[in-house]
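# Structure at a glance
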Amino acid sequence: MTENMETSVIETVETPQYDDAALAAEYQARRQQQIEEDLAQPFDPDCVLEVRHLRKCFPLKKTMFGKVTKELVAVDDISFKLKAGETLGIVGESGCGKTTAGRAILKLHEPTGGQIIFNGQDITHLKSSQMREIRKQMQIIFQDPYSSLPPRDTVGGLLSEPVEVHGIVPKEQIKDYVLELMDKCGLRDYYFERYPHEFSGGQRQRICIARALSVNPKLVICDEPVSALDVSIQAQIINLLKQLQREMNLAYVFISHDLSVVKFISDKIGVMYLGGMMEFGSKEDIFTNPLHPYTKALFSAVPNPDPTRKMQRIALGGDIPSPANPPKGCRFHTRCPYAKEICKHVVPEYKEYEPGHFAACHLLEEEQ
Ligand SMILES: Nc1ncnc2c1ncn2[C@@H]1O[C@H](COP(=O)(O)OP(=O)(O)O)[C@@H](O)[C@H]1O
Ligand code: SF4
Ligand SMILES: [Mg+2]
């Protein structure tokens, strides 16, 4: 009898009751207040790009009157700042929202919420006609250099077109300008008269890079730019991107699922999972002192060339849940090896744990 009583007391203490609906409402109210405060802050004059609480949802179901009844939150509240000459690496497994985030920043997808400040201007709600001038300063390089080049035009034609449309140099100087650009991108001058289909993947990606840079952008979103290339070519393209960044003082958002590539090119890194930013910090923060269990698990899967630094491999169980139906509480709890009861119910706060180093995890909140 006494034993039974003791057991029931322990169970009551160990299993706190969570009212999920009330917790969700409380979290939403707190988050909304934080978002309003942050969006009212002055813009940072040192940044080329400031992204504040960016959100992008895709409607999945609508009523016959057009009211959305189910949506997929592809990007859920991500924030960061980027200066000229800097690279932000965005990492995460397939489907976590990297491409959607990149496209929403460029307004190729209309953002559902949050703010995008480019070069000191809030562009979140600009119409496409107002975006025309700004768009040339924000370019994108895609993963697949085969489908991203129109096949019918020569390399010279492809590179001259945006220069002419945006009036980058007077008409009579376009050919010289393009030849100089081709040289910078490692493309021989006789390629000018050739067609993209005559080239290998690496050369085609050089053409895509030259096309993106032809209009003198300030920001380039590189969406898995080397993932479709042979490993032997990847390093050449990454080195080219680095060199061009130095020469042109470009800001890059570099999207990749390949951590060694991200490590090589990035100054800052954001780790995404199911649409949310799990951790954000400098490259050193993320590689030498990862805080979030998801970051640790991702990075433990990468072979470490330094034998003195042994990292325990953390296996991630289960599949990635559907972003159309994300888990309650911490979105990572269904796969986290450290998940506790609270993780299933309460969304962890995204907090700054060291200057410039942010993460969202209950374990970290407890350790503070
Ligand atoms: N146009 C769209 N309509 C509906 N769902 C989309 C659309 N684009 C992307 N998604 C969904 O958004 C999620 C994030 O996709 P994506 O940004 O492409 O991820 P990643 O680039 O990290 O692989 C995925 O679940 C994907 O299916
Ligand atoms: S909040 Fe919980 S489930 Fe989420 S990462 Fe931290 S320990 Fe894991
Ligand atoms: Mg993608």
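Our structure's up above, just so we're on the same page.
Scope of this entry: the structure provided in the associated data block. Quick caveat, the model's predicted, so the values are computed rather than measured.

### Quick notes on the sheet that holds strand β1 (residues 49-62)
Taken in spatial order, the 4 strands of this open sheet run β2-β1-β4-β5, and their pairing is antiparallel. Here the strands that pair on one side only, and so sit at the sheet edges, are β2 (68-82) and β5 (121-122). Bridging between β1 and strand β4 (residues 113-118) involves 5 bridges; their strand directions are antiparallel. Bridging from a neighbouring strand, E50 pairs with I117 of β4. Taken strand by strand, helix α2 (residues 20-39) contacts β1 and β4, and its axis lies near 135° from that of β1.

### A closer look at the site of ligand 2
With respect to spatial proximity, the complete set of residues near ligand 2 consists of P293, C330, F332, H333, C336, Y338, A339, C343, P348, C361, H362 and L363. The residue inventory of the shell around ligand 2, partitioned by class, reads 10 nonpolar, 2 polar and no charged.

### Quick look at the pairing of β2
One ladder, built from 11 bridges, connects β1 with β2; its direction is antiparallel. Looking across to β2, one finds that L54 is bridged to I78. Linking two consecutive strands that pair antiparallel, namely β1 and β2, is a turn of 5 residues; a positive phi of about 90° is found at G66 within it.

### Describing the nonpolar core
With 80 residues, the main nonpolar core has A210, V253 and M278 as its most contacted residues. With sequence-adjacent residues up to four places away left out, M278 is seen in contact with V271, M272, Y273, H292, Y294, T295, F332, A359 and A360.

### Comments concerning the environment of T87
Along the chain, T87 falls in strand β3 (residues 87-91). When the C-alpha atoms of T87 and E50 are compared, they prove to be 13 Å apart, with 37 residues separating the residues in sequence. Leaving out residues up to four positions away in the same chain, T87 has contacts with Y252, F254, I265, S266 and D267.

The rules we used
Here the residue numbers are simple positions, counted from 1 along each chain's written sequence. Throughout, the order in which chains and ligands are written sets their labels, letters from A for the former and numbers from 1 for the latter. At least 70 in pLDDT is required for a residue's local features to be given in this predicted model, at least 80 for side-chain atom pairs to be given and counted, and no such filter applies to totals for whole chains, interfaces and linings, which use all residues. Between any two strands, at least two bridges found by DSSP are needed for them to pair. In this description a helix means any DSSP run of H or I spanning at least four residues, a strand means any run of E spanning at least two, and both kinds are numbered starting from the N terminus. Distance between backbone-placed C-beta atoms decides contact: two residues are in contact if it is within 7 Å. Comment: axis = line fitted to C-alpha atoms, over the contacting stretch for helices; angle = value between 0 and 180 degrees taken between N-to-C directions. Whether a residue is near a molecule or strand depends on its C-beta atom, generated from backbone atoms, being within 6 Å of that molecule or strand. Three residue categories are used. Nonpolar comprises Ala, Val, Leu, Ile, Met, Phe, Trp, Tyr, Cys and Pro, charged comprises Asp, Glu, Lys and Arg, and polar comprises the others, including Gly. Note on definitions: a nonpolar core is a set of buried residues drawn from Ala, Val, Leu, Ile, Met, Phe, Trp, Tyr and Cys, linked by C-beta atoms within 7 Å. Put simply, a residue is buried when 20 or more other C-beta atoms lie within 10 Å of its own C-beta and exposed when 12 or fewer do; between those, it is partly exposed, and each C-beta is set from the backbone.

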